[in-house]
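Here is how the chains run, residue by residue.
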Amino acid sequence: MKKGINHHQIGDSIDMYLLIKSAKKGTASNGKPFLTLLMSDKTGEIDAKLWSISPEDEAAFINGVIVHVQGDIQEFRGMRQLKIKAIRPTTAMDQVKPADFLPTAPMDPQEMLEIVTQYIFEMSNAKIQRLTRHLFKKHQQAFSVSPAATKNHHEFVSGLAYHVVSMLELAKGITNLYPTLDKDLLYSGIILHDLGKVRELAGPIVSEYTTEGKLVGHISIIANEIVEAAKELEIEGEEVMVLQHLVLSHHGKGEWGSPKPPLIREAEILHMIDNIDAKMNMMDRALERVLPGEFSERIFPMDNRSFYKPTFHKPPLDI
């Protein structure tokens, strides 16, 4: 059985099919055009450069196209990069489809929907519960398959749902330890905080932002939807404004994209839980292909650090 792209080390040569998740045109120092490609299979992603492209290449190698590629895995600024030797678009004769090349969450989407629904069902604040249920039901189909980002963390099919379920499980433990936290508010904030990404991102196959995502962004999208839902459901009260605050502040700081810093306990904890789960996902994926006693490639969102895997590390047992 052939190895997936995430299991290839620097120095390996590859001969395999990959999906182009994004393709961006650039111009080299010699004035010639090139493409920066983000390519994936079910195990992960890798950046690649296609140099001295023709107009035909630019038209052929676009988002969502599956290609057969040969090349070498090299190191560039502490990261793996694919040096392409040969590349061609696939045809019907290759018998491949995009779904075969997309990393997916390790949980069934329907199971994750049921978990989130159960958290909503157990809420005791009727206003928070109705708002959360209304917005979740409105977007649950897209939510079940959407990635949580275009890169860095949970950037896979159903990544958004997996991110939310993981955060809810973290929140359950934290609220049991700190009973002064409002469970309903925190759980609702977790479910809603990234829900705008179903409109911000183009979907699991094409790794890019929609026009609305670029111009408005997921934070503003869902903050506005909370107000619209409250009007539609004829819900009034401080809960509406506080839920908006949790969404608006979940990135933590203005330089990280938050219109407001967290000013409520549950908002601060939401930001911390979001950060924990995102960073654990980044570290786990980077260290997955690292042998004990070695360092990972650099993780740009984590201060460009490389992480070490101790020699006594043992993988968790499947339970």
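Position labels on residues start from 1 in each chain and follow its written sequence. At least 70 in pLDDT is required for a residue's local features to be given in this predicted model, at least 80 for side-chain atom pairs to be given and counted, and no such filter applies to totals for whole chains, interfaces and linings, which use all residues. Side-chain metrics rest on all non-hydrogen atoms present in the structure, leaving aside hydrogens and water.

Enquirer: Just to check I follow, could you spell out the sheet that holds strand 5 (residues 79–89) for this structure?
Expert: Note: strands within a sheet are paired through backbone hydrogen bonds, in either parallel or antiparallel orientation. Between any two strands, pairing holds if DSSP finds at least two bridges. Where helices and strands are cited, they refer to DSSP runs of H or I of at least four residues and of E of at least two residues respectively, numbered from the N terminus. As summarised here, the arrangement of the 5 strands in space is 1-2-3-5-4, forming a closed barrel in which the pairing is mixed. Neighbouring strand axes in the sheet, compared pairwise and without regard to direction, differ in orientation by 50 degrees on average. Where strand 1 (residues 13–27) lies against strand 2 (residues 33–41), 8 bridges are found, and the strand directions are antiparallel. Across the sheet, the residue bridging to Ser22 is Leu38, located in strand 2. Axis angles are defined between N-to-C directions and span 0 to 180 degrees, where every axis is a line fitted to C-alpha atoms and, for a helix, only to the segment in contact.

Enquirer: How should the side chain of Glu266 be read in this particular structure?
Expert: With respect to the helices and strands, Glu266 occurs in helix 10 (residues 265–287). To sort residues, take the accessible area from a 1.4 Å probe on protein chains only and compare it with the maximum for the residue type: under 20% means buried, over 50% means exposed, and anything in between is partly exposed. His is not counted here, nor are the chain ends, while Lys and Arg score as positive and Asp and Glu score as negative. By definition, a salt bridge exists where a carboxyl oxygen of Asp or Glu is found within 4 Å of a side-chain nitrogen of Lys or Arg. Although Glu266 is buried, it forms no salt bridge, and the closest oppositely charged side chain is Arg265 at an N-O distance of 4.6 Å. Within polar-contact distance, the side chain of Glu266 engages the backbone nitrogen of Asp182 at 2.8 Å. Contact between two residues is taken to exist if any of their heavy atoms lie within 4.5 Å; hydrogens are not considered. When residues no more than four places from it in sequence are discounted, the contact partners of Glu266 are Thr180, Leu181, Asp182, Leu185, Leu186 and Leu246. Pairing of N or O atoms within 3.5 Å defines a polar contact, subject to two protein rules: one partner must be a possible hydrogen donor and the other a possible acceptor, and residues neighboring in sequence count only if both atoms are side-chain atoms.

Enquirer: Please explain the pairing of strand 4 (residues 66–76) as it appears in this structure.
Expert: Two faces, one strand: in a regular strand the side chains alternate between the faces of the sheet. Of the pairings in the sheet, the one linking strand 1 to strand 4 comprises 7 bridges and is antiparallel in character. Within strand 4, the residue paired with Ile14 across the bridge is Gly71. Looking at chain direction, strand 4 and strand 5 are connected through 10 bridges and run antiparallel. If you follow Val69 over to strand 5, its bridge partner there is Ile87.

Enquirer: Even after reading the chapter, I still don't get the pairing of strand 3 (residues 44–50), so can you show me in this structure?
Expert: Burial analysis of strand 3 places 6 of its 7 residues in the buried class, which makes it a mostly covered element. Hairpin remark: strand 2 followed by strand 3, antiparallel, with 2 residues in the connecting loop. One ladder, built from 3 bridges, connects strand 3 with strand 5; its direction is parallel. Bridge pairing in strand 5 links Asp47 to Gln81.

Nothing here speaks to function; it is all geometry.
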